[in-house]
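# Overview (structure and organization)
These are the residues of each chain, in order.
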Amino acid sequence: MSPRAGHAGHPPRTLAFVESPVQLLNVLEWAHLHGLHGAEEDALPSLPAQTRRTVAGGPPRTEPELTVVVLSPTDPMTRGQLRRMADLARDEGYRVRWEEARGGTTAPFHTIGGLAGPLRRADRIVMGDPFSRYVQLLLTITRARDLVVVDDGTATMEFVAQLARGERLVRWHRKGGRPGARDLLFAPVSSSARRRLTPSARRRVEVFSSMPVTETPEGVTVTANDFSWTRSRFGPPRITKGSDMVGTSLVETGVVDGDRYLVAVRDLARAHGATRYFAHRRESADKLHRLAAETGLEIVRPDLPLELIARRGPIGRTILSFPSTVVHTLPLALVGTGVRVAVCDIDPSWLTEHASPRAQGFLSGVTGTAKDVHRLTAVAALA
């Protein structure tokens, strides 16, 4: 997909919608790869404006080529990380529009109404979560010919597979359950979003991902995310001798039993000498307090996505993780540093009775398709 596609005489108007820090990070990675310019970027800043335009060539750039719309969630941890990421986006010269999209019952109406004009004018829409009902509603308004999906973690793998098979868009940890009343009410919007995300003669679709894509939908352009923006802006990190552990929200999403998870973390930390636990932004405070008390790990609540935290350092020589996005992204962000990423599979006995029938196979696939990681023996065997 050409990054310059748009109406003749002006660069494309690109509107990106994000709801998490990782989504915003990957929008910045996508924009960096495609060479989108910020409002203040100029290769010859010391020369007069007219001279700069003449030397650099092309029309003057008075507006950023990318506007990022943050559809802000309500939990403080995510909001804090999003604000830090929004500052980084502004530092790159992009415009950031912060929407209190969930600030009360009337907030969605105000948000969607306020975005209707920019949506209709946009030449290209970038989104971090095609499963989001908010994003799906916004897709019904846009006339953009170019649609881009950037990584929202492991969910990207499921989105691409569902699109390839023509299935309805359902998050992997919910698949297999019966649709609720809200699902049925929203079904026409979800079906419309899936049709819009299907390439046609009038619409181009790109998936920008660091995750393995095994089923590519016909006509979809898949572009690899190698975290070149992250590596160019941060690090290399200082490497410590010990090990660090990465937390997961699988307990909070109802996939893994909380007690079994705590035992697994304790045993894994003891076996590999981990001292720090980098909490996932959705992990509950009660769970983290219990982890600290019963494992002795130092709980760290990162203020940025872990890829940036690790790249800035200091970071352990070994990073321990359960199946999650980071087993794919950290090796890319830390390439050449000597840091080893080790992943421990989820034992089937840890799953709750409410876990989706697809959970075990999906999580095993997350681990099995990861490159440049060390696969650990199941924790049960270490106890």
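I will try to describe carefully the structure that is included in this document. (Residues numbered from 1 in each chain as written. Predicted model: local features only at pLDDT ≥ 70, side-chain atom pairs only at ≥ 80, totals over all residues. Heavy atoms only, no water.)

On to the overall build of the protein, then. The number of helices and strands found in the protein is 14 helices and 13 strands. When each of the 383 residues of the protein is scored for burial, the buried share is 51%. Long-range pairs, those at least 24 residues apart, make up 71% of the contacts in the protein with a sequence separation of at least 6. As displayed, the protein offers around 17,100 Å² of accessible surface, 51% of which is attributable to carbon and sulfur atoms. (Helix = DSSP H or I, 4+ residues; strand = E, 2+ residues; numbered from the N terminus. Buried < 20%, exposed > 50% of the residue type's maximum accessible area, 1.4 Å probe, protein only. Contact = heavy atoms within 4.5 Å. Areas by Shrake-Rupley, 256 points an atom, 1.4 Å probe, with all protein chains shown as cover.)

All right, on to the pattern of salt bridges then. Taken as a whole and judged by the stated rule, the model has 16 salt bridges. The closest approach of N and O atoms between R276 and D244, which form a salt bridge, is 2.8 Å. With R276 in strand 9 (residues 274-278) and D244 in strand 8 (residues 239-246), the pair connects residues that are 32 residues apart, well separated along the chain. Here R276 matches D244 in class, with each residue buried. Members of the salt-bridge network, linked through shared partners, are R79, R83 and E100. (Salt bridge = Lys/Arg side-chain N within 4 Å of Asp/Glu carboxyl O.)

Here the focus is helix 12 (residues 326-333). Counting buried residues in helix 12 gives seven out of eight residues, a clear majority hidden from the surface. The set of residues buried in helix 12 consists of V326, V327, H328, T329, L330, P331 and A333. In this fold, the buried residues of helix 12 make contact with helix 8 (228-233), strand 8, helix 11 (306-312), strand 11 (315-321), strand 12 (340-344) and helix 13 (359-368).

Take the packing of aromatic side chains next. One pair of aromatic rings is described through two measures. These are the centre distance and the angle between the planes. Under the definition given, this model contains four aromatic pairs. Ring geometry for F131 against F159: centres 6.3 Å apart, planes inclined by 85°, an arrangement best described as edge-to-face. Note that F131 is positioned in the loop between strand 4 (124-127) and helix 5 (133-139) and F159 in helix 6 (residues 155-165), a separation of 28 residues in sequence. F159 shares its class with F131; the two are buried. Aromatic pair F322 and W350: ring centres 6.0 Å apart, planes at 80°, arrangement edge-to-face. Remark: W350 occurs in the loop between strand 12 and helix 13 and F322 occurs in the loop between strand 11 and helix 12; sequence separation between them is 28 residues. Here the two residues F322 and W350 agree in accessibility, since each one is buried. Taken together, the ring pairs in this structure connect Y261, F322 and W350 into an aromatic cluster. (Phe/Tyr/Trp six-rings, centres within 6.5 Å; stacked < 30°, edge-to-face > 60°.)

Our focus in this paragraph is unusual backbone geometry. In this structure, the amide linkage connecting G235 to the following residue, P236, adopts the cis form with an omega of 5°. For P236, the location among the structural elements is in the loop between helix 8 and strand 8. At F227, a position not held by glycine, the phi torsion is positive, near 60°. Here F227 shows up in the loop between strand 7 (221-224) and helix 8.

Right, let's talk about the sheet that holds strand 11 for a bit. Taken together, six strands build an open sheet; the order of strands is 10-9-8-11-12-13 and the sheet is parallel. Edge strands, defined here as strands with exactly one partner in the open sheet, are strand 10 (298-300) and strand 13 (374-376). Between one strand axis and the next, the sheet turns by 30° as a mean value, whatever way the strands run. (Pairing = 2+ DSSP bridges. Axes fitted to C-alpha atoms, helices over the stretch in contact; angles between N-to-C directions.)

Right, let's talk about the packing of helix 1 (residues 21-34) against helix 3 (residues 76-91) for a bit. Contact pair helix 1 / helix 3: the axes reach a minimum separation of 8 Å and the direction vectors enclose 15°. When the axes of helix 1 and helix 3 are compared, the pair comes out roughly parallel. Pair helix 1 / helix 3 crosses with left-handed handedness. Here P21, L24, L25 and L28 of helix 1 lie close against helix 3, whose contacting residues are T78, Q81, L82, M85, A86, L88 and A89. Of the residues that constitute the contact of helix 1 with helix 3, the class distribution is nine nonpolar, two polar and no charged. (Parallel < 35°, antiparallel > 145°, perpendicular 65-115°, else oblique. Left-handed = near helix turned anticlockwise from the far one by under 90°. Nonpolar A, V, L, I, M, F, W, Y, C, P; charged D, E, K, R; others polar.)

Pairing analysis gives five bridges linking strand 8 to strand 11, with the strands arranged parallel. From the neighbouring strand, S243 faces strand 11, where its bridge partner is T318. In this sheet, strand 9 lies alongside strand 8 in parallel orientation, the contact comprising four bridges. Bridge assignment links D244 to a residue of strand 9, and that residue is R276.

Let us now look at the environment of R165. Within the fold, R165 resides in helix 6. By relative accessible area, R165 is classed as partly exposed at 39%. For R165 and P217, which are 52 residues apart along the polypeptide, the C-alpha to C-alpha distance reads 7.8 Å.

Most of strand 6 (residues 204-209) sits inside the fold, with five of its six residues counted as buried. Pairing geometry for strand 5 (residues 146-150) and strand 6, over five bridges, is parallel. Bridge pairing in strand 6 places V149 opposite V207. As paired elements, strand 6 and strand 7 share four bridges and run parallel to each other. Bridge assignment links S209 to a residue of strand 7, and that residue is A224.

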